[in-house]
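Each chain is listed here by its residues.
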Amino acid sequence: MVSYKDLGLVNTRDMFAKAIKGGYAIPAFNFNNMEQMQAIIQACVEASSPVILQVSAGARKYANQTLLRYMAQGAVEYAKELGKNIPIVLHLDHGNSFELCKSCIDMGFSSVMIDGSHLPYDENVALTKQVVDYAHQHDVTVEGELGVLAGVEDEVSAEHHTYTDPADVIDFVQKTGVDSLAISIGTSHGANKFKPEQCTRNAEGILVPPELRFDILAEIEKKLPGFPIVLHGSSSVPQEYVKIINTHGGALKDAVGIPEEQLRKAAKSAVCKINIDSDGRLAMTAAVRKIFVDQPAEFDPRKYLGPARDELKKLYKHKCENVLGSAGQA
Ligand SMILES: [Zn+2]
């Protein structure tokens, strides 16, 4: 049994309380390798932002849960070395069983998500409560989910949205004791968040998605004043990256995300954690593809992973400063 406190990590409790009061959201960035972790920490240290390092089921398979935990431990020391002791959470993204959540808690995670959103309501309540009961014994915070996001991300996939029903939220939070709640209001996993027929096209022919359901968010906030709300699938799919990828041998079709102004608006509400993964994938892929085309003789991985890391850092700093509003809050 390793306690996250001995690793220098924190849980989400104080972080979320401050974020709600301050009208900003904490970035939750996924990482699978060293370059992503370096980019996240460099960006958040420079922006002086608290940060949530997220490990998905796919990341556990790709990189190994133990290695990722040691990297997060290293991230705490790395941030200090860079000159700023920012609060860092190590969070399990989309935990799908009690056993998995327990194993993460036992090895030093400071926060876990138990995603029972695909289950019948009563089973979601029971599973979430089981995780909360164990996690709280170790002062680990838990994120639950009500409603289902469309899209595909790692092992999580669903064809259609099921928006969160505001009528359920009080009962769910009371019965489970969760510390935060992920909701479905129109964000979506992956880089193709909407089908072209769901969007309109602007003057430049770029797809414009339908607006998020801020009415549902407002309803939920009214029922649970001051309770931390989480948005998954909140990448904006910057079209400049899509363009670089597609003009350098890529083939991304109709990639469309959530406009940053809408995320900025959400961050000012009870939304205090915003998950961004696809934008980071696009930034790295754009940088790597460009180098492969422009410098075809290059074969040192540092010569393309380094610039990919720099691009990722730039993107994440921008998110903290201009989208989430978390810059300067560490
Ligand atoms: Zn998610």
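Residues numbered from 1 in each chain as written. Predicted model: local features only at pLDDT ≥ 70, side-chain atom pairs only at ≥ 80, totals over all residues. Heavy atoms only, no water.

### Some words on the overall build of the protein chain
Here is the rule we go by: Secondary structure is summarised from DSSP: a helix means a run of H or I of at least four residues, a strand means a run of E of at least two, and numbering begins at the N terminus for each. Only C-alpha atoms enter the radius of gyration; for comparison, a globular chain is expected to reach 2.2 Å times N to the power 0.38, where N is the number of residues. Three labels apply to residues, based on accessible area from a 1.4 Å probe with only protein chains included: buried if under 20% of the type maximum, exposed if over 50%, partly exposed otherwise in between. It only takes one pair of heavy atoms within 4.5 Å for two residues to be counted as in contact. Using a 1.4 Å probe, the Shrake-Rupley method yields the accessible areas, and only the shown protein chains count as cover for residues. As used throughout, the charge tally considers Lys and Arg to be positive and Asp and Glu to be negative, leaving His and the chain termini uncounted. We put the charge of a Lys on NZ, of an Arg on CZ, of an Asp on CG and of a Glu on CD.
A tally of regular secondary structure across the protein chain gives 12 helices and 13 strands. Against the globule reference of 20 Å for 330 residues, the protein chain gives a C-alpha radius of gyration of 19 Å, in line with a compact fold. With the C-alpha coordinates aligned to their principal axes, the bounding extent of the protein chain is approximately 60 × 45 × 35 Å. By the burial criterion, 58% of the 330 residues in the protein chain qualify as buried. Within the protein chain, residue pairs in contact and separated by at least 24 positions form 77% of the contacts whose partners lie at least 6 positions apart. A total accessible area of about 13900 Å² is found for the protein chain, and carbon and sulfur atoms account for 52% of it. Within the protein chain, one finds 34 positive and 42 negative side-chain charges whose respective centroids are separated by 4 Å.

### Topic: the sheet that holds strand β3 (residues 88-95)
The criterion, for reference: Note: two strands are recorded as paired if DSSP finds a minimum of 2 bridges between them. Comment: axis = line fitted to C-alpha atoms, over the contacting stretch for helices; angle = value between 0 and 180 degrees taken between N-to-C directions.
Read around the closed barrel, the 8 strands follow the order β1-β2-β3-β4-β5-β8-β12-β13; overall the barrel is parallel. Each neighbouring strand pair of the sheet contributes to a mean axis angle of 25 degrees, computed without reference to strand direction. Judged from the 3 bridges that link them, strand β12 (residues 229-231) and strand β13 (residues 271-276) form a sheet pairing that is parallel. In the sheet register, Leu 231 faces β13, and the bridge partner there is Ile 274. On the sheet, helix α6 (residues 121-137) packs against β4 (111-114) and β5 (141-146) and is oriented at approximately 175 degrees with respect to β5. Along the sheet face, helix α12 (residues 301-324) touches β1 (26-30) and β13 and points at about 150 degrees away from the line of β1.

### Quick word on the UniProt feature "binding site: Zn(2+) 1" (unreviewed entry) in the protein chain
Which entries qualify depends on this criterion: UniProt positions are given in the numbering used here, feature names are shortened, and annotations may be inferred rather than shown by experiment. Polar contact is defined as a pair of N or O atoms within 3.5 Å, subject to the rule that within protein one atom must be able to donate a hydrogen and the other to accept it, and that residues adjacent in sequence are counted only when both atoms are side-chain atoms.
Residues annotated by UniProt as "binding site: Zn(2+) 1" (unreviewed entry) correspond here to His 94, His 189 and His 232. On the basis of their most widely separated C-alpha atoms, the annotated residues across 139 residues gather in one place, lying no more than 12.0 Å apart. Note that His 189 resides in strand β9 (residues 188-189). With relative accessibility at 3%, the residue His 189 sits in the buried group. Every residue in contact with His 189, bar those within four places of it in the chain, is listed here: His 94, Leu 149, Ala 150, Gly 151, Val 152, Glu 153, Val 156, His 232 and Gly 233. Within the local environment of His 189, its side chain forms a polar contact with the side chain of His 94, the two groups lying 3.4 Å apart. Relative to the helices and strands, His 232 resides in the loop between β12 and α9 (239-247). Setting aside its immediate chain neighbours within four residues, His 232 contacts Asp 93, His 94, Met 113, Glu 143, Glu 145, Leu 149, Ala 182, Thr 187, His 189 and Asn 275. One polar contact links His 232 to Glu 143, side chain to side chain, over a distance of 2.7 Å.

### Quick notes on the environment of Thr 200
Mapped onto the elements of the fold, Thr 200 is located in strand β10 (residues 200-201). Separated by 118 residues in the primary sequence, Thr 200 and Leu 82 have C-alpha atoms spaced 44 Å apart. Other than its neighbours up to four places away in sequence, Thr 200 contacts Ile 206, Leu 207 and Val 208.

### Structural notes on α6
So the rule is basically this: In this scheme, a helix's expected span is set at 1.5 Å multiplied by one less than its residue total.
Over its 17 residues, α6 extends 25 Å from the first C-alpha to the last, a length consistent with the 24 Å expected when each residue adds 1.5 Å. Within the sequence span of α6, burial applies to Asn 124, Val 125, Leu 127, Thr 128, Val 131, Val 132, Tyr 134 and Ala 135. Looking at the buried residues of α6, the elements they touch are α5 (98-106), β4, β5 and α7 (169-176).

### A few points about the packing of aromatic side chains
Condition: Centres within 6.5 Å make a pair out of two Phe, Tyr or Trp rings, where for Trp the six-membered ring is used; the pair is then stacked when the planes are under 30 degrees apart, edge-to-face when over 60, and tilted otherwise. Whether a charge sits over a ring comes down to the Lys NZ or Arg CZ being within 6 Å of the ring centre and within 35 degrees of the ring normal.
One pass over the structure, following the stated rule, counts 4 aromatic pairs. Where Phe 29 meets Tyr 316, the ring centres are 3.7 Å apart and the plane angle is 15 degrees; that geometry is what we call stacked. Taken as a pair, Phe 29 in strand β1 and Tyr 316 in helix α12 lie far apart in primary sequence, 287 residues in all. A relative accessible area of 0% means that Phe 29 is categorised as buried. On the accessibility criterion, Tyr 316 (2% relative accessible area) is buried. Seen in terms of ring centroids, Phe 292 and Tyr 304 are 4.8 Å apart; in terms of plane orientation they differ by 70 degrees. Their pairing is edge-to-face. Placement of the pair is Phe 292 in helix α11 (residues 278-294) and Tyr 304 in helix α12, with a sequence separation of 12 residues. Take Phe 292: its relative accessible area is 42%, and that puts it in the partly exposed class. For Tyr 304, a relative accessible area of 18% corresponds to the buried category. Positioned over the ring face of Tyr 70 is Arg 69, at 4.3 Å from the centre of the ring. For the cation-ring pair, Arg 213 lies above Tyr 163, with the distance from its terminal atom to the ring centre recorded as 5.2 Å.

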